[in-house]
Structures are given as C-alpha cells and as structure tokens.
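# Fold and contact review
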Amino acid sequence: SAVANPLKLDNLQSLTYMQDMTPTICANTKGTDGNNVTKGNEPTKQLIDTRDGNVYYVSKLADGNCWMTQSLDYDITASRITNGQINPSNTDVSAVWNNSSTYRPTATETSIPGPLGTIPTTDTRSWDVGKYVLAVPTTGVTCNTDPAGGSTQNDGWNSVRPGQNLSQCQNVVNVSGTNWKPTYTAQNGTWFNSTHSSAFNKEIYQVGVAGAWGLNTTVAVKANNPNDLSQGGEYDPHYLMGNYYQWNTAVAGTGGDNKSSGTNGAADATPWNAPSSICPKGWQLPQSEMNTGSLDAKYGTKTFYKLFNTYSYSFPNKDGGGRLYGPNVQNNYNTATGPWYFNRSGNIDLNTGSIRTVSTSAHYWSSTAYPDVNNTYSLDFNSADTSPSYYFARWNGFSVRCVAR
C-alpha cells in the first residue's frame, strides 16, 4: 500500500514537538514577513514537550536563536527517575539521569520547603508550587500586603512563607481551575503600547484593581469579573510561573563542583558551561558572560547578553565580580514584555524557606558556572536594572528558559 510522504520538518512552523528542533531548522526559520528575523517580525509557534505533554510558546528572536518564551514546567517525578525516562532520546543529556548518576536526581517537591540551613551545592531539588500566572506581569507589585499569619511572616523580601501559597500575592492568579482557559494571546507579540478598540479593552481587567480596565495597560489575565477571580477567564500562557530548580538540577547533575570542565581541570579558575540540562532534547540552557569583549568567541552565541544586546539593551556597569548590569527601561523595552516574556517569578530561598520577590524580580539560570564551588551566573532583573550575568548561590530555586542548540 502507498505510504503518504511524511511532513518535511525544515522550519519552526513545521514542528509539533520540542524534541524535533535542530540547529538547521532554527537557522531556516524566517520572520513573519518571509524575510530574515529582525525586531518586529519574530515568528512564534506552540510546541509540545513529548516528556509530559506540556505546551510551550517558542519564538525565533532577532539574535538568530530560537527561544522558549515560557518558563519550563517539567516535573522530575519518582517514576521518571526510576524508569530512566530522563534520557538522551527526550532530554538534553548524554546519558540517562537516574539514581545511578554521580549527582542523582531528586523528585520535584510541591510545597515551600521551610528553612534548611546549610544546603549542599550539589543538591538536585526542584519545586512545582502550582499553576499560577502573573496578572500584571510588566509592573512590579508587592507580593504581600498583609500575609496570612500576620506581617511578621513577611521577611522584607515580599515573601510567601511555608504554609502559604502563591495566591497570597495580589498580582498572582491560580489558573488551575477548569474555568480558566489558556486561550488569550497577546496581539502581535506585545500590546504594551498598542491601541485597541474600546470594546476589546472593556474585556481586559487589571486584576487586583476592582472594576478597573484601561487603555495601553499590559495584563495577562482576562477575567469575567475582576472582583471574583474564582469565576475564571482567559490567561496568556507566556506568563505561567513554571517550576523552580536548583542549578545542579537545571544542568541535570552535570555541574559538579566546577572543577571538572575538562579545560582547566582542578585548577579551574574561569567560568565554564555545564554540558547538559533538563531542557528538552535539541535545547540547552543559555550561557552567560562575566565581561564585555569578544563574547561570541569566548562564550558562544546563545547567551542572555547577546539576546538583550540585539534588542538595544546596553550594560554600562560592571562590578568587581564582573557582573554586567544596566537599567531595563532603556529604549522603552521591558524585560517582561514580548517578544521574550521573561516572567517576574521571584525565586525560592532555602535559607528562609520562602518564595521571594514574586512579581517584582526574576532569576533564570544559565549554564555558566562562576569560578568557585558555590555560585552560578544567571539572568537577573527587577524594576531598577537588568543583568545578563549576575551570580547567585547554586542552591537557590530559579526559573529555567531554554534556547535551541
């Protein structure tokens, strides 16, 4: 019998699954106008992660790379560990990551852990704390005004403490109910400064402000009734919070102690990139940098620095540790808007056992380890500045975005 010709996978729009991405496919992808991708014509597609069926927005951006424009939400379950399901056929690893690995995986947790004191830098913990989306993602909003249990539970970092959940944050909405649908999408990648009809805007409520709606206000949730979010509505999946991962989890146990890069050996005193990650097959963690210069030659082209530099960010400031930073309001760009949609999802801090700075700042792991045994570079941004190379302790729970290899 005749067999139909299989669909040719040669560009982003032809893909269905994350794991089918290749360097050639990304390179072949053109902009929405059929020309090379530049600012304003970035193509977008939703792809399925074969490991769990999660669907993610993916875009080819003006830096020439294909990026996830949602945060990773992959649970490392006990069965996936035991059954060897985290393997090279579906994940960015060179060998099965399971209990026989040097740094064995730990099953994803579902609650805020509480203070842990001294945490080994080789821990492989991660957290799925629920299905939440930021209602007003481009405006920093204090997480807790009066947290449950009294103000003494707020440690000064807009924290959600053990025993609470992210619903304590006035800018965070639980969209796990059946009345919530991921059907709302931003217009043309961003509608931060666009104009819409009056009828359109009347359906877009600014969550947290009773009865409010406004022109040119970026919101991610369209609610039926702004005074009763339990009724449900539509939300933009770009702003789903995703999971939180320790760095050694994000690199699938290949971070080690930063003394085994294969380049400088035990005397390693320079940054190096972990070889693997929990990203889907065909994807990797972005890289980071410590300083300006010939960055492409030194660190490769899949970096947070190159991404933001392409979109006219500049990083004029540099501290003694080589951390680059600059104001994120330059050129009217905002790190949380399209086309990249970096979410202000905060982080899990194990010293205090809390989720900190939700809705005001964010941290995304890179693969680039700081030259010691404790820290790793990440993308960091808040209301004041953006840094593509800010280092933090590896045991923090940060978000993950993947870039195509």
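This structure is a prediction, so every number in the text was calculated from the model and none was measured. Counting restarts for each chain, with residues numbered from 1 along the sequence as it is written. Local features in this predicted model are restricted to residues of pLDDT 70 or higher, and side-chain atom pairs are both shown and tallied only at a pLDDT of 80 or more, whereas totals for entire chains, interfaces and linings draw on every residue. Values reported for side chains reflect all heavy atoms of the structure, with hydrogen atoms and water molecules removed beforehand.

Secondary structure is summarised from DSSP: a helix means a run of H or I of at least four residues, a strand means a run of E of at least two, and numbering begins at the N terminus for each. When helices and strands are counted, the chain shows 6 helices and 20 strands. When a residue's accessible area, from a 1.4 Å probe over protein chains only, is under 20% of the maximum for its type it is buried; when over 50% it is exposed; and in between it is partly exposed. Counting only residues that meet the buried cut, the chain has 54% of its 405 residues in that class. We call two residues contacting when some pair of their heavy atoms lies within 4.5 Å. Considering only residue pairs separated by 6 or more positions, the chain has 61% of its internal contacts joining residues 24 or more positions apart. To be clear on the numbers: accessible area is Shrake-Rupley with a 1.4 Å probe, and residue cover counts the displayed protein chains and nothing else. Taken as a whole, the chain presents about 16100 Å² of accessible surface, with 47% of it coming from carbon and sulfur.

Of all the 6 residues making up strand β2 (residues 55-60), 5 are buried; the element is thus mostly covered by neighbouring parts of the structure. We call two strands paired when DSSP finds no fewer than two bridges between them. Hairpin geometry of strand β1 (residues 44-48) and β2 is characterised by an intervening segment of 6 residues between the two adjacent antiparallel strands and by a positive phi of about 85° at G53. Here β2 runs beside strand β3 (residues 66-68); their pairing, made up of 3 bridges, is antiparallel. Its bridge partner lying in β3, V58 is registered against M68.

Quick look at the pattern of salt bridges now. Counted as salt bridges are all cases of a side-chain nitrogen of Lys or Arg within 4 Å of a carboxyl oxygen of Asp or Glu. Following the criterion strictly, the structure yields 4 salt bridges and no others. As a salt-bridge pair, D92 and R405 come within 2.9 Å of each other at their nearest N and O atoms. In this pair, D92 is assigned in the loop between α2 (78-82) and β4 (126-127) and R405 in the segment after β20 (403-404), connecting sequence segments 313 residues apart.

Here we take up the pairing of strand β19 (residues 386-393). Within β19, 7 of the 8 residues are buried, leaving the element largely enclosed by the surrounding structure. With 6 bridges connecting them, strand β18 (residues 375-381) and β19 associate as antiparallel partners. Counterpart to F381 in the pairing with β19 is T386. Connecting β18 to the next strand, β19, in antiparallel fashion are 4 residues.

This brings us to the state of the cysteines. Note on terminology: disulfide denotes any pair of cysteine sulfur atoms within 2.5 Å. Counting across every chain of the model gives 2 disulfides. For C26, the disulfide goes to C66, at an S-S distance of 2.2 Å. Residues C26 and C66 are joined through a disulfide that is right-handed, its torsion about the S-S bond being 105°. Here the residue C26 occupies a position in helix α1 (residues 23-28), and C66 occupies one in strand β3, the gap between them amounting to 40 residues. You'll find C26 and C66 in the same group, each marked buried. Between the sulfur atoms of C279 and its disulfide partner C402 the distance amounts to 2.1 Å. Around the S-S axis, the bridge from C279 to C402 shows a dihedral of about -90° and counts as left-handed. Within this pair, whereas C279 is found in the loop between β11 (272-273) and β12 (283-284), its partner C402 is found in the loop between β19 and β20, the two being separated by 123 residues in sequence. The exposure class assigned to C402 is buried, which follows from its relative accessible area of 0%.

Before going further, it helps to examine the nonpolar core. M21, L72, W283 and V400 are the most contacted members of the largest nonpolar core, which totals 36 residues. Those elements giving two or more residues to this core turn out to be α1, β2, β3, α4 (247-250) and β17 (362-369). Look past the residues within four positions of W283 in its chain and what remains in contact with it is M18, M21, V58, C66, W67, M68, D92, S277, C402, V403, A404 and R405. Definition of nonpolar core: a set of buried residues of the types Ala, Val, Leu, Ile, Met, Phe, Trp, Tyr and Cys, connected through side-chain atoms within 4.5 Å. Core analysis: the next-biggest nonpolar cluster, separate from the first, contains 18 residues, V160, L166, L350 and V358 among them.

This paragraph deals with the packing of aromatic side chains. Whether two aromatic rings pair depends on their centres lying within 6.5 Å, for rings of Phe, Tyr and Trp, where Trp uses its six-membered ring; planes under 30 degrees apart make the pair stacked, over 60 edge-to-face, and the rest tilted. In this structure the tally under the stated criterion is 11 aromatic pairs. Measuring from ring centre to ring centre gives 5.5 Å for Y239 and Y341, while their planes differ by 75°; the resulting arrangement is edge-to-face. Of this pair, Y239 sits in the loop between β9 (233-235) and β10 (244-245) while Y341 sits in the loop between β14 (324-325) and β15 (347-349); the two residues are 102 residues apart in sequence, bridging distant segments of the chain. Like Y341, Y239 is buried. One aromatic cluster is present, built from ring pairs that chain together W67, F304, F308, Y311, W340, F342 and Y364. The lysine or arginine in question, R51, covers the ring of Y74, its NZ or CZ lying 3.9 Å from the ring centre. A ring has a charge above it when a Lys NZ or an Arg CZ is no more than 6 Å from the ring centre and no more than 35 degrees off the ring normal.

Moving on, we get to unusual backbone geometry. Both trends apply: most residues other than glycine have a negative phi, and most peptide bonds are in trans. Look at A252: it is not a glycine, yet its phi comes out positive at around 50°. In this fold, A252 is placed in the loop between α4 and β11. Phi is positive for T357, close to 55°, though the residue is something other than glycine. Along the chain, T357 turns up in the loop between β16 (354-356) and β17. Of the residues examined, T357 reaches a relative accessible area of 10% and is grouped as buried.

Turning to the side chain of N98, a few remarks are in order. Structurally, N98 can be placed in the loop between α2 and β4. The term polar contact refers here to a pair of N or O atoms within 3.5 Å; inside protein, the definition further demands a hydrogen-donor-capable atom paired with an acceptor-capable atom, and it admits residues adjacent in sequence only when both atoms are side-chain atoms. Within the local environment of N98, its side chain forms a polar contact with the side chain of S100, the two groups lying 2.6 Å apart.

Let us look at the environment of T69. Considering the arrangement of structural elements, one finds T69 in the loop between β3 and α2. On the accessibility criterion, T69 (1% relative accessible area) is buried. For the pair T69 and Q46, spaced 23 residues apart in the sequence, the C-alpha separation amounts to 9.7 Å. Aside from chain neighbours lying at most four places away, what touches T69 is Y57, V58, S59, H238, P339, W340, Y341 and R401.

Strand order in the open sheet formed by 4 strands is β11-β17-β18-β19, with antiparallel pairing between adjacent strands. Bordering the open sheet on either side are β11 and β19, each of which pairs with just one other strand.

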